[in-house]
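Take a look at the letters that make up each chain.
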Amino acid sequence: MRIGLLGFGVVGRGVYDIVASKPDIEVVKVCCLEEVSLPDAVVTKDFNDILTDDTIDTVVEAMGGVHPAYEFVRAAMEAGKHIVTSNKALVASCYDELLPLAKEKGLKFRCTAAVGGGIGWLSEVERSRRVQTIYQVGGIMNGTCNYILDNMTRLGLDYNDVLKEAQALGYAEANPSTDVDGIDTWHKVILSSNIAFGVSLNRDQVPVAGISAISAADVENFKAHGYVCKLISTGKHLDGKYSVYVHPTLVKSNALEANVPMNYNLITLVGDTSGRMSFYGQGAGRYPTAYNVVQDLVDLLEGRGFYSTYGESVDVDNSEALTWYVRGSWPGAADETWGDAVIVKNVSVDEMHAWRKENPGVFIAAIAE
Ligand code: HSE
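Rules used in this analysis
- Residues numbered from 1 in each chain as written.
- Predicted model: local features only at pLDDT ≥ 70, side-chain atom pairs only at ≥ 80, totals over all residues.
- Heavy atoms only, no water.
- Near = heavy atom within 4 Å.
- Polar contact = N/O pair within 3.5 Å; in protein donor to acceptor, adjacent residues only side chain to side chain.
- Areas by Shrake-Rupley, 256 points an atom, 1.4 Å probe, with all protein chains shown as cover.
- 1 Å grid on protein atoms, 1.4 Å probe; cavity = no way out; pocket = protein on both sides within 12 Å on 5 of 7 lines; lining within 4 Å.
- Sits in = over half its atoms within 2 Å of the grid points.
- Points joined across faces, edges and corners; volume = space filled by probe spheres on them.
- Helix = DSSP H or I, 4+ residues; strand = E, 2+ residues; numbered from the N terminus.
- Nonpolar A, V, L, I, M, F, W, Y, C, P; charged D, E, K, R; others polar.
- Domains from an automatic or database assignment.
- Salt bridge = Lys/Arg side-chain N within 4 Å of Asp/Glu carboxyl O.
- Buried < 20%, exposed > 50% of the residue type's maximum accessible area, 1.4 Å probe, protein only.
- Pairing = 2+ DSSP bridges.
- Contact = heavy atoms within 4.5 Å.
- Core = buried A, V, L, I, M, F, W, Y, C linked by side-chain atoms within 4.5 Å.
- Axes fitted to C-alpha atoms, helices over the stretch in contact; angles between N-to-C directions.
- Parallel < 35°, antiparallel > 145°, perpendicular 65-115°, else oblique.
- Left-handed = near helix turned anticlockwise from the far one by under 90°.

**Q** Sorry if this is basic, but what is going on with the site of the ligand here?
**A** Contacts to the ligand come from Lys88, Asn142, Gly143, Thr144, Tyr171, Ala172, Glu173, Asp179, Asp184, Lys188, Gly283 and Ala284. A distance of 2.8 Å separates an oxygen atom of the ligand from a polar backbone atom of Gly143. Measuring from a nitrogen atom of the ligand, one finds a side-chain N or O atom of Asp179 at 2.7 Å. With the chains in place, 93% of the 250 Å² that the ligand exposes on its own is no longer accessible. Using a 2 Å cut-off from the grid points, one finds that the ligand occupies the largest pocket.

Spelled out as structure tokens, the structure:
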């Protein structure tokens with residue numbers, strides 16, 4: 001297998017390092033903006049050097065972001081090259097254009113590392129669907145947010161200091177707002193739900209709230225009441241309805257999710273045959289993520305492309321009522337007061353997210369049952 005590697009950041013470099021010990025996979029050219037010189041590969045800033053190289057059969061895209069990754073991947077496919085990508089923004093946004101193209105061209109496409117870093121979650125979802133109906137997916141899908149929340153909770157560290165650490169460790173996206181405002185988790189739960197349920201969700205109807213407004217006082221408040229805060233995604237297909245959302249969630253301190261440390265993810269599916277199955281591992285970082293890119297390359301060598309195409313376009317119904325922790329001037333009645341925050345019951349996901357959108361700076365978290 002002869003590879004053109006797009007991107008030489010955290011993941012791209014990791015792929016290059018791991019592949020060095022695999023005799024049947026060779027990185028021939030690397031396209032990146034960094035000034036690097038590599039002993040065994042040509043480095044170029046011009047994507048066309050990869051596109052027009054007929055000896056390259058597979059493109060690994062580890063650039064991140066939708067553009068120009070989409071244009072590069074599409075052009076590579078038009079030129080007959082197989083694709084492996086770790087780019088969740090790309091696959092969440094363009095999967096239902098890229099997968100049919102792969103099928104039309106007889107190419108293989110895999111994106112396991114796009115969700116859950118080293119866990120291999122999407123491959124498990126794909127396998128699971130072969131023998132059962134999945135009706136719920138979700139969990140802790142962002143290593144950066146988990147790293148921040150875990151360090152604030154266990155060690156009382158400052159939000160900004162821990163975010164800087166997560167950036168230095170290579171966990172965060174180029175723009176870390178993508179992590180802390182929940183967008184990365186949003187991409188991941190949309191992709192996971194689409195593959196698990198065989199649909200194409202109306203993305204505009206999937207609300208997201210992140211952790212950037214959390215304070216040390218909130219964290220103390222949660223502890224005092226026996227809770228830990230995690231950024232949790234939910235995708236459900238129950239009674240013909242799709243409910244999909246992302247927001248901070250308070251889980252009991254003895255719950256599995258509460259005890260997920262550092263950059264780890266814990267992602268769960270619930271199926272009609274297996275019941276709950278949870279997958280745990282490092283969700284961010286160079287080698288865990290690159291590990292699953294290389295697993296995808298081995299799958300390609302063994303003739304296994306990826307996933308079923310999405311199904312029909314479906315609407316999302318987030319009328320489900322939850323109990324919420326709200327710090328900010330909630331206009332309705334409160335059921336309890338926790339310090340300078342209130343607990344409100346029976347407010348729908350749609351209503352709470354709509355209110356939060358109009359009131360930037362407030363912090364909301366659902367309270368898990
Ligand atoms: N920024 C992402 C995270 C990288 O923190 O989970 C892995 O997708």
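There is more to say, and it comes next.
**Q** Could you clarify how one ought to interpret the layout of surface pockets in this entry?
**A** Leftover empty space is mapped by rolling, across the atoms, a probe with the size of a water molecule. If you add up the space inside the largest pocket, you get close to 900 Å³. Those elements giving two or more residues to the lining of the largest pocket turn out to be helix 1 (10–19), helix 4 (88–105), helix 6 (143–155), helix 8 (177–180) and helix 9 (183–197). A class-by-class count of the residues in the lining of the largest pocket yields 19 nonpolar, 18 polar and seven charged. Structurally, the lining of the largest pocket is a two-domain feature, drawing no fewer than three residues from each of domain 1 (2–110) and domain 2 (121–282 + 312–367). As a volume, the second largest pocket reaches approximately 620 Å³. Lining the second largest pocket are 24 residues, with Gln136, Ile232, Thr234, Thr249 and Ala368 positioned closest to its centre. Taken together, the elements giving at least two residues each to the lining of the second largest pocket come down to strand 7 (134–140), strand 9 (227–238), strand 10 (241–252), strand 11 (264–271) and strand 17 (363–367). Among the residues making up the lining of the second largest pocket, the classes are represented as ten nonpolar, eight polar and six charged.

**Q** Please explain the pattern of salt bridges as it appears in this structure.
**A** When their charged atoms lie close together, side chains carrying opposite charge are able to pair. Summed over all chains, the structure comprises 18 salt bridges. Taking the shortest distance from any N to any O, the salt bridge between Glu78 and Lys105 comes out at 3.4 Å. With Glu78 in helix 3 (residues 69–78) and Lys105 in helix 4, this residue pair connects regions lying 27 residues apart in the sequence. Overall, the relative accessible area of 41% leaves Glu78 in the partly exposed class. We note a salt bridge from Lys236 to Glu320, for which the minimum N-O separation is 2.9 Å. Here the residue Lys236 occupies a position in strand 9, and Glu320 occupies one in the loop between strand 13 (313–314) and strand 14 (321–327), the gap between them amounting to 84 residues. Relative accessible area serves as the criterion here: at 14%, Lys236 is assigned to the buried category. Salt bridges sharing common partners tie together Arg110, Asp296, Asp299, Glu302 and Arg304.

**Q** Looking at this structure, I do not really get the sheet that holds strand 6 (residues 109–110). What am I missing?
**A** Hydrogen bonds along the backbone pair up the strands of a sheet, which may run parallel or antiparallel. With parallel pairing, the six strands of this open sheet are ordered in space as 3-2-1-4-5-6. On the outer flanks of this sheet lie strand 3 (42–44) and strand 6, each paired with one strand and no other. One ladder, built from two bridges, connects strand 5 (residues 82–85) with strand 6; its direction is parallel. Opposite Ile83, over in strand 6, you have Phe109 as the bridge partner.

**Q** Would you mind going over the environment of Asn202 with me for this structure?
**A** Structurally, the position occupied by Asn202 is in the loop between strand 8 (200–201) and helix 10 (216–224). Setting aside its immediate chain neighbours within four residues, Asn202 contacts Val314, Asp315 and Val316.

**Q** Is there a simple way to explain the nonpolar core in this structure?
**A** One broad trend across soluble globular proteins is that nonpolar side chains are buried collectively. Ranked by size, the top nonpolar core spans 80 residues in total, and within it Met77, Phe109, Trp121, Leu191, Ile214, Leu250 and Tyr325 carry the most contacts. Looking at which element gives the most residues to this core, the answer is helix 4, with eight residues. For this core, the domains that each give at least three residues are domain 1 (2–110) and domain 2 (121–282 + 312–367). Each residue touching Tyr325, except ones within four places of it in the same chain, is listed here: Asp218, Asn221, Phe222, Leu250, Trp338, Ala341, Val342, Ile343, Phe363, Ile364, Ala365 and Ile367. With 23 residues, the next largest nonpolar core counts Leu5, Val19, Val27 and Ala41 among its residues.

**Q** Help me out: how do you make sense of the packing of helix 1 against helix 11 (residues 286–301) in this one?
**A** How two helices sit against one another is set out by the angle between their axes and by the gap between those axes. Closest axis-to-axis distance for the helix 1/helix 11 pair is 8 Å, and the angle between their directions is 60 degrees. In terms of axis orientation, helix 1 runs oblique to helix 11. As for the relative orientation of helix 1 and helix 11, their crossing is right-handed in sense. Two secondary-structure elements touch here, helix 1 through Val10, Val11, Arg13, Gly14, Val15, Asp17, Ile18 and Val19 and helix 11 through Arg286, Tyr287, Thr289, Ala290, Tyr291, Val293, Val294 and Leu297. Tallied by class, residues from the contact of helix 1 with helix 11 come to eleven nonpolar, two polar and three charged.

**Q** Before we go on, may I ask you to explain the sheet that holds strand 9 in this structure?
**A** Reading across from one edge, 12-11-7-9-10-17-14-16-15 is the order of the nine strands in this open sheet, with mixed pairing throughout. Among the strands making up the open sheet, the edge pair consists of strand 12 (275–282) and strand 15 (336–338). Averaged over all adjacent pairs, the angle separating strand axes in this sheet is 30 degrees, with direction ignored. Set on the sheet, helix 12 (residues 349–358) makes contact with strand 10, strand 14, strand 16 (341–348) and strand 17; between it and strand 16 the angle comes to about 130 degrees.

**Q** Help me out: how do you make sense of the pairing of strand 17 in this one?
**A** With five of its five residues buried, strand 17 lies for the most part within the structure. Side chains Phe363, Ala365 and Ile367 project from strand 17 onto one buried face, and the interleaved Ile364 and Ala366 project onto a second face that is buried too. Bridge count for strand 10 against strand 17 is two bridges, and the pairing is parallel. Of the residues in strand 17, the one forming a bridge with Leu250 is Ile367. For strand 14 and strand 17, the ladder comprises four bridges, and the chain directions are antiparallel. Directly across from Arg327, in strand 17, lies its bridge partner Phe363.

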